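Spelled out from the first residue to the last, the chains are:
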Amino acid sequence: MISVVLVAGASSGVGLETARALARRGHQVYGTSRSADRVDIPGVRPLALEIGDEGSVRACVDHVLARHGRLDALVYSVGFYVAGAVEETSDELALAQLRAYLLGAHHLVRAVLPAMRGQGGGRLVLMSSTAAVAAIPFHAIYSASKAALNHYAEALRYEVAPFGVRVACVEATSVRTGAAAAMRESDPIPGYEPVRTRVIERFRRLQLDGPSPLPVADGIVRAVEARRMRPLYRIGTQARTLPWLRALLPYPVFRRFYARFFHVSPG
Ligand SMILES: NC(=O)c1ccc[n+]([C@@H]2O[C@H](COP(=O)([O-])OP(=O)(O)OC[C@H]3O[C@@H](n4cnc5c(N)ncnc54)[C@H](OP(=O)(O)O)[C@@H]3O)[C@@H](O)[C@H]2O)c1
């Protein structure tokens, strides 16, 4: 069945590939960027969206609803990374990070829900991360916002199920996108050198040298089209393995394993 889908964050990375894949499958796809002209995908209609601006969110959703009278699925793939030690991260950066991953999703979810409830169903697909399962050192606000997003989705799922609205989180292995380039680092404090630089570089390399985001996009398409959408999609070996390791290993063992991976002290 052809769906009307809004992909937030479609100018790059996971969102771009998802919008492209959905359009190829014949769905009516709207893709957003802060500058609509950055969304240049055949079959995808570009829309401007600044996630921190409620007026922009409203205008974006209203545009789709005015055209189609319905919105079947929202894919939330907006993001950028804040990296640095907690002590180095300004309140302003922390807020921007929470806005991108949690409050931004909240703005859009609230904007689309009246239509989805009214039409008797819809799908909300929110990009989470393995950072929700195990926090990444020197990415505390990023990790916290993804863990918060997972809980947000869990609570929301119970609330909207009676209206036929389904909610899924997607946890994906590191993939090659524009995210590493869009990373914002905080104000450096010399005491955190050289560990901070090493860890941030390791995380950045996981993405720069990672696989293409195509399998993640395919997973999201499957979620949008599934007869019964699952609450959680884990895509990629790392995304599937990490939760098991976290659940099965005693915490001190897991912590030592994870700390060794990032070359930090397990604390
Ligand atoms: N890359 C990975 O390895 C990976 C792994 C797991 C999960 N994820 C998750 O996947 C999602 C997408 O990440 P990605 O790697 O695909 O990132 P990306 O390539 O940098 O794309 C991010 C998208 O977000 C948009 N965006 C950024 N700030 C915005 C704002 N304030 N308002 C509206 N749109 C904004 C960007 O559009 P403009 O800049 O054009 O406005 C862009 O389209 C994130 O939630 C990320 O945590 C990524």
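As annotated in an unreviewed UniProt entry, the protein is NAD(P)-dependent dehydrogenase (Short-subunit alcohol dehydrogenase family) from Nonomuraea endophytica. UniProt's Sequence similarities (unreviewed entry) comment on the protein is quoted here verbatim: "Belongs to the short-chain dehydrogenases/reductases (SDR) family."

Engineer: Is there a simple way to explain unusual backbone geometry in this structure?
Structural biologist: When glycine is set aside, most residues are seen to have a negative phi, and most peptide bonds are trans. Put simply, E193 and P194 share a cis peptide bond, and its omega is -5°. With respect to the secondary-structure elements, P194 resides in the loop between β8 (184-185) and α5 (195-208). In this model, F138 sits at a positive phi of 65°, which is unusual for a non-glycine residue. In this structure, F138 sits in the loop between β6 (122-127) and α4 (140-160). Residue F138 is classed as buried on the basis of its relative accessible area of 16%. Although it is not a glycine, H263 sits at a positive phi angle of roughly 55°. In this fold, H263 is placed in the segment after α8 (251-262).

Engineer: It is not clear to me how the pairing of strand β4 (residues 73-76) should be interpreted in this structure. Could you clarify?
Structural biologist: Here is the key point about a regular strand: its side chains alternate between the two faces of the sheet. Both faces of β4 are covered, namely the face carrying A73 and V75 and the face carrying L74 and Y76. Note that strand β1 (residues 4-8) and β4 share 4 bridges and pair parallel. In the strand pairing of β4, A8 is matched with Y76. Looking at chain direction, β4 and β6 are connected through 4 bridges and run parallel.

Engineer: Whenever I open this one, the environment of H263 confuses me. Can you help?
Structural biologist: Judged by its relative accessible area of 46%, H263 is partly exposed. Remark: the alpha-carbon pair of H263 and P211, spanning 52 residues in sequence, is separated by 23 Å. Residues within four places of H263 in sequence aside, it is in contact with V195, R198 and R202.

Engineer: Would you mind going over empty space enclosed by the protein with me for this structure?
Structural biologist: The gaps left among the atoms become clear once a water-sized probe is rolled over them. Inspection of every chain in the model, using the stated rule, returns 1 cavity of 30 Å³ or more. By volume, the largest cavity is sized at about 40 Å³. Forming the boundary of the largest cavity are V82, A83, G84, A85, V86, T89, F138, H139, A140, I141 and Y142. Contributing elements (two or more residues each) for the lining of the largest cavity: β5 (82-83) and α4. Residue contributions to the lining of the largest cavity peak at 3 residues, all from α4. Residues of the lining of the largest cavity, tallied by class, amount to 8 nonpolar, 3 polar and no charged.

Engineer: Got a minute to help me understand helix α6 (residues 214-225) in this structure?
Structural biologist: Count 3.6 residues to each turn of an α-helix, and residues three or four apart come out pointing the same way. Over its 12 residues, α6 extends 16 Å from the first C-alpha to the last, a length consistent with the 16 Å expected when each residue adds 1.5 Å. Those residues of α6 lying buried are V216, A217, G219, I220, V221, A223 and V224. Considering only its buried residues, α6 is in contact with β1, α1 (13-24), β4, β6, β7 (165-172) and β9 (232-235).

Engineer: Looking at this model, I keep getting lost on the side chain of R123. Mind explaining?
Structural biologist: Looking at where R123 falls in the secondary structure, it is placed in strand β6. No salt bridge is formed by the buried R123, whose closest oppositely charged neighbour, D72, lies at an N-O distance of 8.5 Å. Of note is the side chain of R123, whose polar atom sits 3.2 Å from the backbone oxygen of V224. Beyond its immediate chain neighbours, meaning those up to four positions away, R123 contacts D72, A73, L74, M116, R166, A223, V224, E225, A226, R227, R228 and M229.

Analysis parameters
- Residues numbered from 1 in each chain as written.
- Predicted model: local features only at pLDDT ≥ 70, side-chain atom pairs only at ≥ 80, totals over all residues.
- Heavy atoms only, no water.
- UniProt positions renumbered as here; feature names shortened; annotations may be inferred.
- Helix = DSSP H or I, 4+ residues; strand = E, 2+ residues; numbered from the N terminus.
- Buried < 20%, exposed > 50% of the residue type's maximum accessible area, 1.4 Å probe, protein only.
- Pairing = 2+ DSSP bridges.
- Contact = heavy atoms within 4.5 Å.
- 1 Å grid on protein atoms, 1.4 Å probe; cavity = no way out; pocket = protein on both sides within 12 Å on 5 of 7 lines; lining within 4 Å.
- Points joined across faces, edges and corners; volume = space filled by probe spheres on them.
- Nonpolar A, V, L, I, M, F, W, Y, C, P; charged D, E, K, R; others polar.
- Expected span 1.5 Å × (residues − 1).
- Lys, Arg positive; Asp, Glu negative; His and termini not counted.
- Salt bridge = Lys/Arg side-chain N within 4 Å of Asp/Glu carboxyl O.
- Polar contact = N/O pair within 3.5 Å; in protein donor to acceptor, adjacent residues only side chain to side chain.

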